[in-house]
Amino acid sequence: MGLELYLDLLSQPCRSIYIFARSNNIPFEFKHVELFKDSVLGKKPAAGSGAEQPRAGPCIHCYKVPSLGCAVPGPSNSEGAGKVSLLKKVPALKDGDFTLAECTAILLYLSRKYNTPDHWYPSDIQKRAQVDEYLSWHHANIRANAPKTMWIKVLIPLFTGQPLPSEKLQEVMEGLSTSLKQFEERFLQDKAFIIGSEISLADLVAIVELMQPVGVGCDIFEDRPRLKEWRRRVEDAVGKELFFQAHEMILNIKELSNIQIDPQLKEHLAPVLMKMLK
Amino acid sequence: MGLELYLDLLSQPCRALYIFARSNNIPFEFKRVELMKGQHRTEEFRKVNILMKVPALKDGSFTLAESIAILLYLARKFKTPDHWYPSDLQKRARVDEYLSWQHVNIRGKGSKLFLTKVLLPLLTGQPLSPKKLEGVTEELNVVLKQFEEKFLQDKPFIAGSEVSLADLVALVELMQPVGAGYDLFEERPKLAEWRRRVEEAVGKQLFQEAHEGILNIQNLTADKIAPELLEHFKHQLLKQASQN
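Summary of the structure given here. (Residues numbered from 1 in each chain as written. Chains lettered and ligands numbered in written order. Predicted model: local features only at pLDDT ≥ 70, side-chain atom pairs only at ≥ 80, totals over all residues. Heavy atoms only, no water.)

Looking now at the overall build of chain A. Within chain A, the secondary structure is distributed over 12 helices and four strands. The buried share of chain A, reckoned over its 278 residues, is 59%. Of the contacts formed within chain A by residues at least 6 apart in sequence, a portion of 73% connects residues at least 24 apart. (Helix = DSSP H or I, 4+ residues; strand = E, 2+ residues; numbered from the N terminus. Buried < 20%, exposed > 50% of the residue type's maximum accessible area, 1.4 Å probe, protein only. Contact = heavy atoms within 4.5 Å.)

Looking now at the pattern of salt bridges. Inspection of the entire model under this criterion finds 29 salt bridges over all chains. Through salt bridges with shared partners, one network takes in Glu-229, Arg-231, Arg-232, Glu-235, Asp-236 and Lys-240 of chain A. (Salt bridge = Lys/Arg side-chain N within 4 Å of Asp/Glu carboxyl O.)

This part covers the packing of aromatic side chains. Residue and element names in this part refer to chain A. According to the stated counting rule, one finds 21 aromatic pairs over all chains in the structure shown. Each ring, one from Tyr-134 and one from Phe-187, has its centre 5.3 Å from the other, and the planes form 85°; the classification is edge-to-face. Here Phe-187 lies in helix H7 (residues 166–188) and Tyr-134 lies in helix H5 (residues 125–140), a separation of 53 residues in the sequence. Accessibility classification places Tyr-134 together with Phe-187 in one group, the buried group. (Phe/Tyr/Trp six-rings, centres within 6.5 Å; stacked < 30°, edge-to-face > 60°.)

Residue and element names in this part refer to chain B. One can describe the packing of helix H1 (residues 12–23) onto helix H3 (residues 67–77) by two numbers: an axis separation of 9 Å at closest approach and a directional angle of 10°. When the axis of H1 is compared with that of H3, the two are roughly parallel. Between H1 and H3, the residues in contact are Pro-13, Ala-16, Leu-17 and Phe-20 and Ser-67, Ile-70, Leu-71, Leu-74 and Ala-75, respectively. When grouped by side-chain class, the residues that make up the contact of H1 with H3 number eight nonpolar, one polar and no charged. (Axes fitted to C-alpha atoms, helices over the stretch in contact; angles between N-to-C directions. Parallel < 35°, antiparallel > 145°, perpendicular 65-115°, else oblique. Nonpolar A, V, L, I, M, F, W, Y, C, P; charged D, E, K, R; others polar.)

Residue pairs spaced three or four apart in an α-helix point in one direction, given the helix's 3.6 residues per turn. Residues and elements named next belong to chain B. Taking burial as the measure, the 11 residues of H3 include 10 buried ones, the bulk of the element. If you check which residues of H3 are buried, you get Ser-67, Ile-68, Ala-69, Ile-70, Leu-71, Leu-72, Tyr-73, Leu-74, Ala-75 and Arg-76. Directly beyond the C-terminal end of H3, a positive phi value near 45° is found at Lys-79.

Residue and element names in this part refer to chain B. Residue Pro-55 is bonded to the preceding Val-54 through a cis peptide linkage, with omega at 0°. Tracing the sequence through the fold places Pro-55 in the loop between helix H2 (43–48) and strand E3 (56–59). In this structure, Glu-66 is a non-glycine residue whose phi angle is positive, near 75°. The phi dihedral of Gln-153 is positive, around 50°, even though this residue is not glycine. Turning to its location among the elements, Gln-153 is positioned in the loop between helix H6 (130–152) and helix H7 (165–179).

Here we take up the sheet that holds E3 of chain B. All names here are of chain B. Taken in spatial order, the four strands of this open sheet run E2-E1-E3-E4, and their pairing is mixed. Only two strands of the sheet have a single neighbouring strand rather than two, namely strand E2 (29–32) and strand E4 (62–65). Along the sheet, successive strands turn relative to each other by an average axial angle of 20°, direction set aside. In the sheet, strand E1 (residues 3–7) pairs with E3 via four bridges, with the strands oriented antiparallel. For Leu-3, the partnering residue across the bridge sits in E3 and is Asp-59. Running over the sheet, H1 touches E1 and E2 and is turned about 145° from E1. (Pairing = 2+ DSSP bridges.)

Of all hydrophobic cores here, the largest spans 153 residues; its most connected members are Tyr-134, Phe-183 and Trp-230 of chain A together with Phe-147 and Trp-194 of chain B. Residue contacts for Phe-183 of chain A: discarding those within four places in its chain leaves Tyr-134, Trp-137, Ile-142, Leu-188, Ile-194, Ala-206, Leu-227 and Trp-230 of chain A. Of all hydrophobic cores here, the second largest spans 16 residues; its members include Phe-159, Cys-218, Ile-253 and Ile-261 of chain A. (Core = buried A, V, L, I, M, F, W, Y, C linked by side-chain atoms within 4.5 Å.)

Residue and element names in this part refer to chain A. The end-to-end C-alpha separation of helix H6 (residues 142–160) is 26 Å, in line with the 27 Å expected for 19 residues at 1.5 Å each. At Trp-151, H6 shows its strongest bend, of approximately 45°. Counting buried positions over the 19 residues of H6 gives 17, a clear majority of the element. A positive backbone phi angle near 75° is found at Gly-161, which sits one or two residues after H6. (Expected span 1.5 Å × (residues − 1). Bend = angle between axes of the 7 residues up to and from the residue.)

At the interface, 35 residues of chain A touch 39 residues of chain B. At the boundary of chain A with chain B, total buried surface from both sides reaches about 3,400 Å², with 61% on carbon and sulfur atoms. At the boundary of chain A with chain B, the tally comes to two salt bridges. Between Asp-96 of chain B and Arg-112 of chain A there is a salt bridge, with its nearest N and O atoms 3.0 Å apart. Breaking the side of chain A that touches chain B down by element, the ones donating at least two residues are helix H2 (60–64), strand E4 (98–101), helix H4 (103–113), H5 and H7 of chain A. (Buried area = accessible area lost by both parts, 1.4 Å probe.)

Time to look at the environment of Ser-197 of chain A. Counting through the fold element by element, Ser-197 of chain A comes out in the loop between H7 and helix H8 (201–215). Residue classification places Ser-197 of chain A among the exposed positions, given a relative accessible area of 62%.

So, about the pairing of E2 of chain B. Residues and elements named next belong to chain B. The pairing of E1 with E2 spans four bridges and is parallel. Looking across to E2, one finds that Tyr-6 is bridged to Lys-31. Taking the sense of rotation as the criterion, the β-α-β connection linking E1, H1 and E2 turns out right-handed. (Right-handed = clockwise from strand over helix to strand, strands pointing away.)

Written out as structure tokens, the structure is:
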């Protein structure tokens with residue numbers, strides 16, 4: 001059994017891993033995890049199997065930072081996922097007996113194990129530090145706000161039946177604007193990519209996150225020509241076709257409204273989501 | 001001009017850096033940036049870090065923010081002992097995994113408790129709502145459980161038998177709620193044992209020295225905070241407290 005990657009391409013961190021692995025021809029088995037079809041409550045007990053009961057309590061990750069790096073493991077098509085990651089999140093990696101969660105950790109592991117081209121995580125310690133700097137800052141900044149656009153514009157109305165809370169959306173967009181300003185001032189500046197003339201893990205992690213608001217109709221590239229140009233360069237560097245394939249689902253997010261959401265999941269998340277709206 | 005580290009030891013990531021550098025005898029100039037005096041918002045500091053946050057590093061003309069990036073840079077530049085960031089692929093991945101997860105979890109919840117319990121009442125003059133405190137404490141308890149179950153498990157340290165950057169980064173964050181009066185080690189013997197091991201690994205005296213300020217934070221009064229900061233902080237912190 002080779003390398004297994006547990007992914008749902010609706011999730012930003014999953015996309016960065018998918019694009020990185022495919023772009024570098026890293027052989028892996030794509031273990032598809034469907035966040036909204038499988039119960040977030042844990043494995044559904046099969047009749048008479050004595051299997052574990054659904055876990056009570058909201059998905060820890062959703063509760064804190066509404067993103068799709070959310071709990072999953074479910075029956076049928078994602079049997080392994082529950083065992084793979086004790087935190088029950090995607091993305092997750094399984095390499096023989098070794099399991100790993102967290103996008104940054106997985107990307108770095110793959111880049112080392114498969115000796116990917118230097119520019120992805122440069123050996124020059126200052127350039128490498130610039131990648132680390134972005135990957136760290138990303139969590140509490142771009143990743144704190146960008147995913148919320150999807151929750152507010154699509155998921156909350158879908159799960160709770162409540163109309164889109166426009167004030168909340170404005171608040172989120174302002175937060176995201178601030179992060180984008182800092183991104184341009186500190187990380188991108190006048191360079192082609194974050195570390196300079198070549199793409200690295202930092203650009204990849206950033207771009208997939210910024211495609212989330214684009215998918216739900218908040219085109220943050222529209223009035224930001226420098227960012228727009230950077231996006232074009234990143235797409236070219238990884239391969240336009242691969243980039244679009246990875247983003248097909250998120251760019252057709254309206255299809256989500258037609259997805260059969262697990263009723264238990266809906267019932268469970270609705271109060272958590274309402275709380276998010278305050 | 002050698003290596004400069006811009007630090008305020010009231011800040012958790014600053015403590016991790018300070019302890020790591022001192023513990024490894026890395027020569028550096030300690031540039032104190034007093035957050036309560038608003039020194040992080042001066043034009044001078046902005047030249048070092050445009051994001052106006054501590055910690056920050058200046059090495060010649062090279063500047064760097066984000067404690068994780070700085071820790072890794074120092075480990076590489078000064079070739080610190082392997083166990084801090086193991087060359088073994090899988091052990092290294094374990095360290096990376098923790099360093100990534102901790103941002104919104106241990107760090108997020110620990111900071112939130114500190115903010116809610118100490119800073120906000122101080123800055124706003126409003127009394128602390130017990131319900132609110134209970135809420136943020138519960139959130140922290142949840143991530144503490146995950147930390148023990150997923151990251152520490154039955155090992156002496158996160159990556160296995162030796163201390164690494166992951167343990168250091170984790171422990172300095174957990175000292176923040178302790179400073180705020182929540183002794184989370186009290187009823188968690190496994191965690192208390194781990195803490196003891198980490199303190200010994202870096203040097204007990206160094207660890208105590210680094211934590212002197214935060215462990216006396218309850219003595220902080222509003223008059224010690226630069227007045228022009230009060231309004232700014234209040235606004236910032238209220239926003240932060242309602243997030244996550």
